[in-house]
Amino acid sequence: MHKLLKIWERDSGKLHSATESKPFMGTALDWMPSGAKIAAVYDRKAEEKCPEIVFYEKNGLQRSSFDINQPVDAKVELLKWNCNSDILSAIVSGEQYDAIRVWFFSNNHWYLKQEIRYSKQDRVRLVWNPVKPFQLICWTCKGEVTIYNFVWITAVMENSVALVIDNSKILISPLSLSLLPPPMYLFELHFSSPVREMTFSPKNSTNRLAVHLSDGSLCVTELPAFDAWEELEGQAFKIEASYLENELGSLLHLIWLDSNELLGISYFEKDGHYGYYLQEIGLVCSEDHVPGLLTCSGWHAKKLNHVPLEGIVIGIAPNSAKDNSAFVQFDEGSVFEYTSNIGGISKHVFSFLCSCPWMSVIPFYGSAKPLLFGLDEVGRLYFNGKVLCNNCSSFSFYSNGNEVTHLILSTKQDLLFIVDIKDIIDDKLEEKYENFILGVKRREDDQAKTFIKIWERGAKVVGVLHGDGSAVILLTPRGNFELIYPRKLVLSSIVNALNQGRFNDALLMVRRHRIDFNIIVDYFGWQNFLQLATQFVSQVDNLNYITEFVCSVKNENVVETLYKNSLSRFSSKEIKNVEAKNSNSKLNSVILAIRKALENQVLESPVRELCILTTLARNDPPAIEEALGRIKKIRDMELLGSDYPKRPSYPSAEEALKHLLWLSDPEAVYQAALGLYDLNLAAIVALNSQQDPKEFLPFLQELQHMPTLLMQYNIDLKLQKYEDALKHIVLAGDAYSEDVMNLMKKHPQLYPLGLELIADPSQKMQVLESWGDYLSDQKSFENAATAFLCCSNMKKALKAYRNSGNWGAVLTVAGLLNMGKEEVIQLANELCEELQALNKPREAARIALEYCGDVNNGISLLISARDWEESLRLAFMHQRDDWISEVKNASSECTNLLVGEYDDGVEKVGKYVARYLAVRQRRLLLKAKIEAEEGSLNDFDDDAVSEASSNFSGMSAYTMRTKAGSAASVSSTTTSKARGKGRQRNRGKIRAGSPDEELALVEHLKGMSLTAGAESELKSLLNTLVMLGNIETARKLHRAAENFRLSQMAAVKLAGDTVSNTTIDEKAHTLDNYLQKVRSENPLKGDLFCWSKVLVFS
């Protein structure tokens, strides 16, 4: 009977749309809560087909459909959507029973996920909870009400095998072989009834699958070894039900205790009483397992243990740290341990804060107890009862093959976190991951280090590829699988391969994931890698990969720079020498070790030779000449003909040369070929490097017509190898002596080498004279004079000494020239005038007295040099009263001048100290103000603190520190350099208000102390005054000098005491107080003041 489906407007009551006349079945009809589809049922008995569920849009057009896979006489009595509109349930009535069927739509396919059977007398009905999308409420005419809480359990096993329930089939796909999204699969298993529960055990090399069906049957099958699964592609296997010695009831939460035992929860109804039991089931197979085939029948199941339960079980997880043991979670989150040997639930382990439908147990290396993780329905992830994350949507674990190392979790913000298990144990999650919450103010460069943004909203983690796979499997809402390779997991798998010595696997992963090749070298430290280079080369079977590796080696330590935040799990075994102090030699040392390993471990082949050329080209600096030498040998072998036995083991010279040119600068290779003085090889290099023949052919042809030494000389000049050029032109003979001299004049650094190479004495004299002329031009007169003396050119030597100011050497050379007395006196007078002009009166006085005999001029010069004692001695020696009076007057005048300078110095010290104390006091006040305001900023957010610190950064001269993140600290490089140069020019100057004023004042006070020369001059003047009887004048001068010295010492001590204090005492920190302290600490120290003690107190 055909019917119409009509849709009316809610508000106006007008007809909105109507469908075509179709054979609708009864009144089974339901509209999606989202309003997208209307579900109805077609009766297809006339076609001898089972009923079909169809979906209409609200405009009356049919959108899609699927059949219910039941007998023709089956009838759909009721259709119901859940509140999320993603699950459709139906009551299907058959001849023997009624069944509640639950479908789920994904990837354009409807999967039958559950079938719950009732007797026809129960007349079961259902309704979905309007708030909880996975809670189904059923009731019967007997008054029995059952609430089913469904949970999505991702069936991606530890070995990355995906199992998908679809009605009476299980679709099997090994995701490590191919990422097949359901409903696609590698092979499938068929059962007699729809599947309700399943469990898979990949342990002990036995891939066993246990399945509980809706008719109460238990099916077990053993799959072949994982390596043989490719042969099963596209096949379907029918699995027979196991023989049951005891009734098992309705099984839930089925797991494997070991390869022959199952543990599950059964529900029984007996004599009107209901209850849950924990059942341990033993399995025995009567058929022998054939490798490569499935064992589909012959299984016997026997109940081994039967434990009644008082509460509702939320989940069961096997204890990976203990055999024949499992953890049972009851309602409200209590977790107990079940042990098969004991035969019951032994002890309470701990409790989650609430029920966690998703529970996992993993072992951890170094811990006797396993780690328990649980996820509740609101997104709280627990670890051993403690909350790890409050917004988790899914989680899984990654194992490197030996141990579980990382927790993989996704959040409701679509963020993927790779969490080190060790960080969970050490309680470092808040420090490193900030509680898995995306902070609004975090910088993007920091975000990339802690999580990955999932590009498709709602995607969940369903599994991982363990070991070297290092991938996370995401299931998108569309139903497709997506693989991502987090950098942290990839690096972890590479590190694990390196720890196990699997260099080839590590290299393949580095290439596949575009990781920096230097991690292979830097992980253990490049010095340790040198010892492993032979093992590395012997394992890598592709020399092209070694070539790629050599091209990527650099001096940077990527473990400490690029991957510093990703490589956090170091142990003493993993890291022996992470960072070598001298990393500059890393490149050359590693390449040399690889080259030696290639030469010793790898048989001769063209690829081996190209790899060796790569190591030479990658050297720092490139060993191009050595590489060209190897190419030259290959070319020589080619010239010998194809009969040469080693010829097949080498590439062609052209191929080797092109390889070298690809790795190196073509111009550098051409110059290196010229440096070998092989013109034919240079021509080949030039042709292969795409140089213009018009440029290099004329030059090479010109060289070809030259004698060998001249050819080498010209090549050396072109390559700027001047030492080699000098050697070759000297060997060319005396005919080219002029070229020798010209070469040394153009390049003066060659003079020493030229003296070694030239044997002719006369030519050596010419070289020495030329060298002396060059040194004279460079103002190096002393060295020039030595060169002239060596070549016996006394006149030039005298001139050079005179220019250098060495008057003693000038007069000595004059003696060597046998100059007359008058000429010597004239020369001495000229030197005396020159020294006076150079402000060297003491030396001029010596010449006047010793060579000219001019006593008057000599004493006058000594007085101007302030050599008081010597001038007085000469005046008395020659009994010249006039000069004694002159010395006396000059010393008195100098005394008055020094007294005035010392008095001015004392006044300046006082001014500088007062200014220093004022600046220091202001600085301390500003520092206290800034610290107080910074303390109030601690309650602000990061942006406010950054802004405040930027505002105060202008007062950095008085804070004694630099605020990180201050805007004022960010300046251009050009400005910083300009300021640095300005500070260097103004160093020593005191600028009021400048940032360096305080330091400049202290340095200036220290620099005001008396120098050794000033003390010597003062001592000489005091002696002279006492000798001349001017004792009062000497006492006055001594007193002024002592006051200045003590004031300067007191000022320096005051500055030293206050620079480290946080406060300044205006009464204690004064110059007068410190002057008294200095006077009391034995002020008369040193030769100058100790001898005058008698003078002062006489």
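All residue numbers refer to positions counted from 1 along the written sequence of the respective chain. Given that this is a predicted model, residues contribute local features only at a pLDDT of at least 70 and side-chain atom pairs are listed and counted only at 80 or more, while totals for whole chains, interfaces and linings are drawn from all residues. Each side-chain value is worked out from all heavy atoms of the structure, with water and hydrogens disregarded.

Salt bridge criterion: a side-chain nitrogen from Lys or Arg within 4 Å of a carboxyl oxygen from Asp or Glu. All told, the structure shown has 34 salt bridges when counted by the stated rule. Among the salt bridges present, the one from Glu 599 reaches Arg 630, with a minimum N-O distance of 3.9 Å. On the criterion of sequence distance, the pair formed by Glu 599 in helix α9 (residues 586-601) and Arg 630 in helix α11 (residues 624-640) is long-range, its members being 31 residues apart. Burial classes follow relative accessibility: with a 1.4 Å probe on protein chains only, a residue under 20% of its type's maximum area counts as buried, one over 50% as exposed, and anything between as partly exposed. Classification of Glu 599 as partly exposed rests on a relative accessible area of 35%. For the salt bridge of Glu 1032 with Arg 1035, the shortest nitrogen-to-oxygen distance reads 3.0 Å. A helix here means a DSSP run of H or I that spans at least four residues, while a strand means a run of E at least two residues long, and both kinds are numbered starting from the N terminus.

Bringing the sheet that holds strand β3 (residues 24-31) into the picture now. Strand order across the open sheet formed by four strands is β3-β4-β5-β6, with antiparallel pairing between neighbours. Two strands close off the open sheet at either side, each with one partner strand: β3 and β6 (62-67). Across this sheet, the average inter-strand angle for adjacent strands is 20°, counted without regard to direction. Sheet topology note: the strand β5 (residues 52-56)/β6 ladder contains five bridges and is antiparallel. Note that in β6 the partner of Tyr 56 across the bridge is Gln 62. Whether two strands pair depends on DSSP finding at least two bridges between them. Throughout, an axis means a line fitted to C-alpha atoms (over the contacting stretch in the case of helices), and angles, computed between N-to-C directions, take values from 0 to 180 degrees.

With that out of the way, let us pick up a nonpolar patch on the surface. Put simply, a patch holds well-exposed residues, over 30% relative accessible area, that have no salt bridge, with like charges counted together within 9 Å and Val, Leu, Ile, Met, Phe, Trp or Tyr side chains within 5 Å. Reported accessibility uses the Shrake-Rupley method at a 1.4 Å probe radius. Residues are deemed covered only where the shown protein chains occlude them. Taken together, the side chains of Val 127, Trp 139, Val 145 and Ile 147 define a hydrophobic patch exposed on the protein surface, amounting to about 350 Å² of accessible area. Note that Val 145 resides in strand β13 (residues 145-149). A relative accessible area of 54% means that Val 145 is categorised as exposed.

So, about the environment of Ser 286. Examined against the element boundaries, Ser 286 turns out to sit in the loop between β24 (273-285) and β25 (299-309). In the structure, Ser 286 is positioned 12 residues away from Gly 298 in sequence and 5.1 Å away in space, judged by C-alpha atoms. Contact criterion: two residues are considered in contact whenever any of their non-hydrogen atoms come within 4.5 Å of each other. Residues within four places of Ser 286 in sequence aside, it is in contact with Gly 298 and His 300.

Turning next to the sheet that holds strand β40 (residues 481-484). The three strands lie next to each other as β38-β39-β40, forming an open sheet whose pairing is antiparallel. At either margin of the open sheet sits one strand with a lone partner, and together these are β38 (460-465) and β40. Looking at each pair of strands side by side, their axes are set apart by 30° on average, direction ignored. Taken together, the four bridges between strand β39 (residues 471-475) and β40 define a ladder with antiparallel strand orientation. Bridge assignment links Ile 473 to a residue of β40, and that residue is Leu 483.

pLDDT is defined as a per-residue confidence score from the predictor, taking values between 0 and 100. Looking at the protein as a whole, its pLDDT mean stands at 83, while 89% of the residues score no less than 70. Low pLDDT, under 50, characterises residues 439-444; the stretch is placed with eight contacts to residues that sit more than four places away or in other chains. Long-range and interchain partners of residues 937-987, a stretch whose pLDDT sits below 50, account for 35 contacts in this model, where long-range means more than four residues apart.

Omega for the peptide link from Pro 182 to Pro 183 comes to 10°, which places this bond in the cis form. Note that Pro 183 resides in the loop between β15 (169-174) and β16 (187-190). For the bond from Asp 620 to Pro 621, the omega torsion is 0°, close enough to zero to count as cis. Locating Pro 621 in the fold gives a position in the loop between α10 (606-617) and α11. Phi at Asp 427 takes a positive value of approximately 60°, unusual for a residue other than glycine. We note that Gln 690 has phi near 60°; this positive angle belongs to a residue other than glycine. Summarising the element assignment, Gln 690 is placed in the loop between α14 (679-688) and α15 (693-704).

So, on to the side chain of Asp 716. For Asp 716, the location among the structural elements is in helix α16 (residues 708-718). Just so you know, the count uses Lys and Arg for positive and Asp and Glu for negative, and it drops His and the chain ends. No salt bridge forms around the buried Asp 716; measuring N to O, its nearest opposite-charge neighbour Lys 721 is 4.3 Å away. Not counting residues up to four positions away in its chain, the partners in contact with Asp 716 are Tyr 677, Lys 721, Asp 724, Ala 725 and His 728.

Before going further, it helps to examine the nonpolar core. Residues grouped as a nonpolar core are buried Ala, Val, Leu, Ile, Met, Phe, Trp, Tyr and Cys residues, joined through side-chain atoms within 4.5 Å. Counting residues in hydrophobic clusters, the biggest one holds 83 residues, and the most contacted among them are Leu 726, Met 744, Tyr 902, Val 909, Val 913 and Leu 1037. The biggest single contributor to this core is helix α28 (residues 881-937), with 12 residues. Other than its neighbours up to four places away in sequence, Met 744 contacts Leu 726, Leu 750, Tyr 751, Gly 754, Ile 758 and Val 767. Grouped together as the second largest cluster of nonpolar side chains are 43 residues, Val 490, Phe 503, Ala 506 and Val 553 included.

With that settled, consider the pairing of β5. Burial runs high along β5: five of the five residues are buried. Residue alternation in β5 divides its side chains into two sets, Glu 52, Val 54 and Tyr 56 and Ile 53 and Phe 55, and both sets are buried. Summarising the sheet, strand β4 (residues 38-42) and β5 pair through five bridges and their orientation is antiparallel. Following the sheet pairing, Ala 40 is matched in β5 by Val 54. Joining the antiparallel neighbours β5 and β6 is a turn of five residues, in which Gly 60 adopts a positive phi near 90°.

Inspection of the secondary structure puts Asn 129 in the loop between β11 (125-128) and β12 (135-139). Overall, Asn 129 belongs to the buried group, its relative accessible area being 14%. Distance and chemistry together define a polar contact, namely a pair of N or O atoms within 3.5 Å, with one atom able to donate a hydrogen and the other to accept it when in protein, and with adjacent residues in sequence counting only for side-chain atoms on both sides. Polar side-chain contacts of Asn 129 include one of 2.8 Å to the backbone nitrogen of Val 131. Reaching out from Asn 129, the side chain makes a polar contact with the backbone nitrogen of Lys 132 at a distance of 3.2 Å. Not counting chain neighbours up to four residues away, the residues in contact with Asn 129 comprise Cys 83 and Gln 135.

Once that is clear, we can look at the packing of aromatic side chains. Aromatic ring pairs are reported here in terms of the distance separating the ring centres and the angle at which the planes meet. In summary, the pairing rule links any two rings of Phe, Tyr or Trp, Trp by its six-membered ring, whose centres are within 6.5 Å, and it sorts them by plane angle into stacked for under 30 degrees, edge-to-face for over 60 and tilted for everything else. This model, assessed by the stated rule, comprises 32 aromatic pairs. Ring plane angle 20° and centroid distance 5.4 Å describe the contact between Phe 66 and Trp 110, whose orientation is recorded as stacked. Remark: Trp 110 occurs in strand β10 (residues 109-119) and Phe 66 occurs in strand β6; sequence separation between them is 44 residues. Pairing Phe 350 with Phe 352 gives two aromatic rings, centres 5.2 Å apart and planes at 85°, and the pair type is edge-to-face. As far as burial versus exposure is concerned, Phe 350 and Phe 352 are alike and both buried. Members of the aromatic cluster, each reached through a chain of ring pairs, are Phe 55, Phe 66, Trp 81, Trp 103, Phe 105 and Trp 110. One residue, Lys 37, lies across the ring of Phe 105, its end atom 5.0 Å from the ring centre. Geometry around Tyr 111 places Lys 113 over its ring, the cationic atom sitting 5.0 Å from the centre. Here, over-ring charges are defined by two tests on the NZ atom of lysine or the CZ atom of arginine: distance to the ring centre within 6 Å, and angle to the ring normal within 35 degrees.

Quick look at a negative patch on the surface now. A cluster of acidic residues, Asp 227, Glu 230, Glu 231 and Glu 233, forms a negative patch on the protein surface. Relative to the assigned elements, Glu 230 resides in the loop between β19 (218-223) and β20 (236-238). Owing to a relative accessible area of 54%, Glu 230 belongs among the exposed residues under this scheme. For charged residues, the charge sits on one atom: NZ in Lys, CZ in Arg, CG in Asp, CD in Glu.

Below, the discussion takes up helix α20 (residues 761-777). The span expected for a helix works out to 1.5 Å for each residue beyond the first. In this model α20 runs 25 Å from its N-terminal to its C-terminal C-alpha over 17 residues, within 8% of the 24 Å that 1.5 Å per residue would give. Residues of α20 that are buried include every one of Gln 763, Val 767, Leu 768, Ser 770, Gly 772, Leu 775 and Ser 776, and no others. Of the surrounding elements, those touching the buried residues of α20 are α18 (737-746), α19 (751-757) and α21 (781-790). Where α20 ends, the next residue or the one after it, Lys 779, has phi of about 70°, a positive value.

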